[in-house]
Each structure stands twice: as structure tokens, then as C-alpha cells.
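What follows is each chain in one-letter form.
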Amino acid sequence: MTAAGLPDAGAYTSLALGDVNKDGFTDLFLGREGAPGLWAMSDGQERFRVTEGPPRSANTTAAGPAAIRRAAKSARLAAS
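Everything numeric here is computed off the predicted structure, so don't read it as measured data. Each residue is numbered by its place in its chain's sequence as written, counting from 1. Local features in a predicted model are, by the rule used here, given only for residues with pLDDT of at least 70; side-chain atom pairs are given and counted only at 80 or more, and totals for whole chains, interfaces and linings are based on all residues. Computation of side-chain values: all heavy atoms of the structure, hydrogens and water removed.

Novice: Any details on the overall build of the chain? Residues and values, ideally.
Specialist: Looking only at helices and strands, the chain features one helix and four strands. Each helix corresponds to a stretch of at least 4 residues labelled H or I by DSSP, and each strand to a stretch of at least 2 residues labelled E; elements are numbered beginning at the N terminus. Order of helices (α) and strands (β) in the chain, N terminus to C terminus: β-β-β-β-α. Considering the chain as a whole, with its 80 residues, one finds that 35% of them fall into the buried category. Any two residues whose heavy atoms approach within 4.5 Å are treated as being in contact. Contacts in the chain between residues at least 24 apart in sequence constitute 31% of all its contacts with a sequence separation of at least 6. Computed by Shrake-Rupley with a 1.4 Å probe, the accessible areas treat only the displayed protein chains as cover when residues are assessed. Put simply, the chain shows about 5000 Å² of open surface, and 56% of that area lies on carbon and sulfur atoms. The buried label goes to any residue with under 20% of its type's maximum accessible area, the exposed label to any with over 50%, and the partly exposed label to all in between, with areas taken from a 1.4 Å probe on protein chains only.

Right, dumping it as C-alpha cells:
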């Protein structure tokens, strides 16, 4: 992990940026080859909390708006 809490370099296949949790800070989604993607949620203090995405996010090669909405919905459901 980096000082900001982001994962080290790896076999990432896609990257998407957006305010997924609507807190006013940019969050990241990192697609990975052979594993579920990673959510990196900004805390607004130049740090990120990283969690694994849902199983169906494995091998994500394009992280367009529809894919991000589906993964965000799955993440919210899993947290509740």
C-alpha cells in the first residue's frame, strides 16, 4: 500500500473515477485481471480506504458508467 492507502502497482485492467458514495470526494475503481476489482474510497484527507469489489467485477476491462453503477449498488447492498 502507498502512503495514501492505495494499492501498489499490479495487473490492473481498468480505472474509473467518480464520487460513488456522494460525499464530495473522488473515489476510484480499479479493475483487476483474475480477481474482483478494488474500490478506493477517498476520505477527503488525501487517503483512501480500499475494499474488494463484488465477485462479478473480476476481469473488468472497461469501467464505464453502467458497470460502476452496478458495482456501487452491489457494494452498498453488501454493506447493509
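Novice: Requested: an account of the sheet that holds strand β2 (residues 27-32), with residues and values cited.
Specialist: For sheets, the rule is that strands pair by backbone hydrogen bonds, running either parallel or antiparallel. Strand order in the open sheet formed by four strands is β1-β2-β3-β4, with antiparallel pairing between adjacent strands. Since the sheet does not close on itself, it has two edges, and those belong to β1 (12-18) and β4 (48-52), each with one partner. Neighbour-to-neighbour, the strand axes of the sheet open up by a mean angle of 20°, direction not taken into account. Judged from the six bridges that link them, β1 and β2 form a sheet pairing that is antiparallel. Within β2, the position partnered with leucine 15 by the bridge is leucine 30. Pairing between strands is defined by DSSP: at least two bridges between the two strands are required. Fitting a line to C-alpha atoms yields each axis, with helices limited to the stretch in contact; the angle taken between N-to-C directions then spans 0 to 180 degrees.

Novice: Can you tell me about unusual backbone geometry, naming the residues and giving the values?
Specialist: Phi at lysine 22 is positive, roughly 60°, even though this residue is not glycine. With respect to the helices, strands and loops of the structure, lysine 22 is situated in the loop between β1 and β2. The exposure class of lysine 22 is exposed, given its relative accessible area of 72%.

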